[in-house]
Amino acid sequence: MSILPLIFTSGWASGVNAYAVVLLLGVFGATGLSDEVPEALQRPDVLIAAGVLFLCEAVADKIPYVDSTWDAVHTVIRPVTGGVVAALLAGQSGSLPELTAGVVGGSTALVSHLIKAGTRMAVNTSPEPFSNIVVSIAEDLGVAALITLAIFHPVAAAVVVAVLLLAGILLLVFLVSRIRRFLRRRAERREAKRLGQPVGQRSG
């Protein structure tokens, strides 16, 4: 069970930025800083693909509304990545069944993804774009910091992730009204586009 804290942390991080998790773990393994990283994540083609996709996400994640579209597309990708990474980590250590690890990693990634996507919907109700950039940078730094911490101090990282998950759920409850406003505005924009009207103008 010693690998469980790393699996839990990587699952949370995958729900925020799956490509960063694959890239960071791969680099830690390839440079010999960790023996817990399976060779599948250290392959050059995997690292290159993860790096390119990470750069794409780094741009898309900082543009209002584009970030929410990106999140919607990754509703399946992030949990699946979290589950696959968890299963690979379990297979490498041999201390936890791969199926159990995949469920833990995938479900944790799904929860953190929903928190991230919901928070971004609320942030997108702000008229200025800078909050998106600040939140995105904070997420990227958080993923990098916690994956690094999990490599060297997995239990401490897991405790921090547990606190972040609880705080994220409470924040989503607090931001429900803003999320509803975001969804209503998006529906109005789609309806206006369908009718060929400027946003906010209603048909008589």
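Residues numbered from 1 in each chain as written. Predicted model: local features only at pLDDT ≥ 70, side-chain atom pairs only at ≥ 80, totals over all residues. Heavy atoms only, no water.

## Re the nonpolar core
Then, in step 1: With 35 residues, the main nonpolar core has Ile-7, Trp-12, Leu-25, Val-143 and Ile-147 as its most contacted residues.
Then, in step 2: Listing elements by their share of this core, those giving two or more residues are helix H1 (4–30), helix H3 (66–93), helix H4 (98–123), helix H5 (130–152), helix H6 (154–174) and helix H7 (176–195). (Core = buried A, V, L, I, M, F, W, Y, C linked by side-chain atoms within 4.5 Å. Buried < 20%, exposed > 50% of the residue type's maximum accessible area, 1.4 Å probe, protein only. Helix = DSSP H or I, 4+ residues; strand = E, 2+ residues; numbered from the N terminus.)

## Quick notes on a nonpolar patch on the surface
Then, in step 1: A surface patch of nonpolar side chains, about 400 Å² in accessible area, is lined by Phe-130, Ile-133, Ile-137 and Leu-141.
Then, in step 2: Mapped onto the elements, Phe-130 comes out in helix H5. (Patch = residues over 30% accessible without salt bridge, like charges linked within 9 Å, V, L, I, M, F, W, Y side chains within 5 Å. Areas by Shrake-Rupley, 256 points an atom, 1.4 Å probe, with all protein chains shown as cover. Salt bridge = Lys/Arg side-chain N within 4 Å of Asp/Glu carboxyl O.)

## Here we look at the side chain of Thr-119
Then, in step 1: Among the secondary structure elements, Thr-119 is positioned in helix H4.
Then, in step 2: Aside from chain neighbours lying at most four places away, what touches Thr-119 is Leu-171 and Leu-172. (Contact = heavy atoms within 4.5 Å.)

## Considering unusual backbone geometry
Then, in step 1: At Tyr-65, a position not held by glycine, the phi torsion is positive, near 75°.
Then, in step 2: When you line up the elements, Tyr-65 lands in the loop between helix H2 (44–60) and H3.
Then, in step 3: A relative accessible area of 30% places Tyr-65 in the partly exposed class.

## Here's the deal with the pattern of salt bridges
Then, in step 1: In total, this model carries 9 salt bridges according to the counting rule given.
Then, in step 2: Salt-bridge contacts for Arg-120 lead to Asp-61; the nearest nitrogen and oxygen are separated by 2.8 Å. Within this pair, whereas Arg-120 is found in helix H4, its partner Asp-61 is found in the loop between H2 and H3, the two being separated by 59 residues in sequence. The residues Arg-120 and Asp-61 share a single accessibility class, namely buried.
Then, in step 3: Between Asp-67 and Arg-120 there is a salt bridge, with its nearest N and O atoms 2.9 Å apart. Taken as a pair, Asp-67 in helix H3 and Arg-120 in helix H4 lie far apart in primary sequence, 53 residues in all.
Then, in step 4: With a relative accessible area of 0%, Asp-67 lands in the buried category.
Then, in step 5: Here the salt bridges do not stand alone but share partners, grouping Asp-61, Asp-67, Lys-116, Arg-120 and Glu-139 into one network.

## Comments concerning H6
Then, in step 1: Helix length check: H6, at 21 residues, gives a terminal C-alpha distance of 30 Å against a target of 30 Å (1.5 Å per residue), a fit within 8%.
Then, in step 2: Next to the buried residues of H6 lie H1, H4, H5 and H7. (Expected span 1.5 Å × (residues − 1).)

## Section: H7
Then, in step 1: For H7, which comprises 20 residues, the first-to-last C-alpha distance of 29 Å matches the rise-based estimate of 28 Å (1.5 Å per residue) to within 8%.
Then, in step 2: Within the span of H7, buried status applies to Ile-179, Phe-182 and Ala-192. One face of H7 carries all of its buried residues, which in axial projection span an arc of 150°. Structural note: H7 exposes Arg-180 and Arg-194 on the side pointing more than 90 degrees away from its buried face.
Then, in step 3: If you follow the buried residues of H7, they end up packed against H3, H4 and H6.
Then, in step 4: A positive phi of about 70° marks Gly-196, the residue just after H7. (Arc of directions from axis to C-beta.)

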